[in-house]
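Structure assessment
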Amino acid sequence: MFLSSKLLRAPSVQVAMKAAASGSKQGGGGAGGKKVVVLGASGGIGQPLSLLLKESPLIGKLALYDIAHTPGVAADLSHINTISQVTGYLGPDQLKEALAGAHVVIIPAGVPRKPGMTRDDLFNTNASIVRDLADAIAKACPEALIGIISNPVNSTVPIASEVLKKRGVYDEHRVFGVTTLDVVRANAFVAEKKGLDPQQVNIPLIGGHAGVTILPVISQATPSVQFGADELDKLTKRIQDAGTEVVNAKAGAGSATLSMAYAGARFVFSLLKGLNGEKNVIECAYIKSDVTDASYFATPLLLGKKGWEKNFGLGKLSDYEKQLLEKALPELKASIKKGEDFVNSTYKMK
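This section reports on the structure supplied with the text. In this text the structure is predicted, and so the values were computed from the model without any measurement.

Things to note about the packing of helix 2 (residues 46-54) against helix 10 (residues 258-275)
Contact pair helix 2 / helix 10: the axes reach a minimum separation of 8 Å and the direction vectors enclose 40 degrees. Accordingly, the angle class assigned to the pair helix 2 and helix 10 is oblique. Considering how the two elements wind past one another, helix 2 and helix 10 form a crossing that is right-handed. Touching Pro-48, Leu-49, Leu-52 and Leu-53 of helix 2 are Leu-258, Ala-261, Tyr-262, Gly-264, Ala-265, Val-268 and Phe-269, all from helix 10. In terms of residue class, the contact of helix 2 with helix 10 is made up of 10 nonpolar, one polar and no charged.

A word on the layout of surface pockets
The volume enclosed by the largest pocket comes to roughly 1,000 Å³. Forming the walls of the largest pocket are 48 residues, and the residues nearest its centre are Ala-109, Gly-110, Ile-129, Leu-133 and Ser-150. Listing elements by their share of the lining of the largest pocket, those giving two or more residues are strand 2 (59-66), helix 4 (95-99), helix 5 (123-140), helix 7 (180-194) and helix 9 (242-249). Looking at which element gives the most residues to the lining of the largest pocket, the answer is helix 5, with nine residues.

Here we look at the nonpolar core
Ranked by size, the top nonpolar core spans 50 residues in total, and within it Leu-39, Leu-99, Val-105, Ile-107, Ile-137, Tyr-286 and Phe-297 carry the most contacts. Ile-59, Leu-145, Leu-272 and Leu-275 belong to the second-largest nonpolar core, a separate cluster that totals 40 residues.

Thresholds, definitions, all that
Residues numbered from 1 in each chain as written. Predicted model: local features only at pLDDT ≥ 70, side-chain atom pairs only at ≥ 80, totals over all residues. Heavy atoms only, no water. Axes fitted to C-alpha atoms, helices over the stretch in contact; angles between N-to-C directions. Helix = DSSP H or I, 4+ residues; strand = E, 2+ residues; numbered from the N terminus. Parallel < 35°, antiparallel > 145°, perpendicular 65-115°, else oblique. Left-handed = near helix turned anticlockwise from the far one by under 90°. Contact = heavy atoms within 4.5 Å. Nonpolar A, V, L, I, M, F, W, Y, C, P; charged D, E, K, R; others polar. 1 Å grid on protein atoms, 1.4 Å probe; cavity = no way out; pocket = protein on both sides within 12 Å on 5 of 7 lines; lining within 4 Å. Points joined across faces, edges and corners; volume = space filled by probe spheres on them. Core = buried A, V, L, I, M, F, W, Y, C linked by side-chain atoms within 4.5 Å. Buried < 20%, exposed > 50% of the residue type's maximum accessible area, 1.4 Å probe, protein only.

What follows is the structure in structure tokens.
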């Protein structure tokens, strides 16, 4: 049911790129002409993410913001012969200009994990970064769709949401925690186990984006797959701990930057397709939710012109998946409360 997005190389994309190039010659600004802003564009995720976005015919303007190095990153990307216009913005004084007129804002800003760290260990640094960026979005482009990659996502999405509420511009349909990397990993790992084409596999992911809160719903896989109990448990734990697998493999040199950039680009492209009116665009994401008693929760969503239009909920879960859900909820609720409490204790409207 939930079909994976094709990123860049599908024949339809190549046709779209040719059409977009033709449109740009006529001054149309490219197919769709949407403005996408990357906040944290010079970092380990931000640079490869910006590169993937630069290739898309769905983007007319690509604005890159960071506190260092963005002029150079923008200059480098601007030499690529695709239609989007790239501009770099440096430091807080240029943040408002970077955000002006944005249709989609994607936020990979913050510090990465190192060996021995959990995503929650990043809270003290990344919480204040997301709080301040959300405040700038609320003032400069309150109707933009916001995709939050900065960890811990289970807390940073509530942080951004609380800031937007205080500014009086919150729309729960426009704020997303990007959990697409968990979907991408689950698809890759299941395909590897079963000898399938990973581009044709789709595993819905529900819950959150950290450890036991990551719940791959393998019972709803497309195509249907079967695993023994022990193998399923090992596979589930690998999906839940996949970020740590990369952090440890990089031995202090970074976290999952390249796969996260791929997943982030896929999510941005899906948001843009929804904005452009394409039908049946479905992605899993972490949003304000009443599906469980956790006030934020990731589920498959139908995307449209104003953000997410329909929440598909949990679907039918296996007994094993119900146990995973029961285990996840206390940690998820604690992370949500931590984010909300942070804003209530630190946010000062300027």
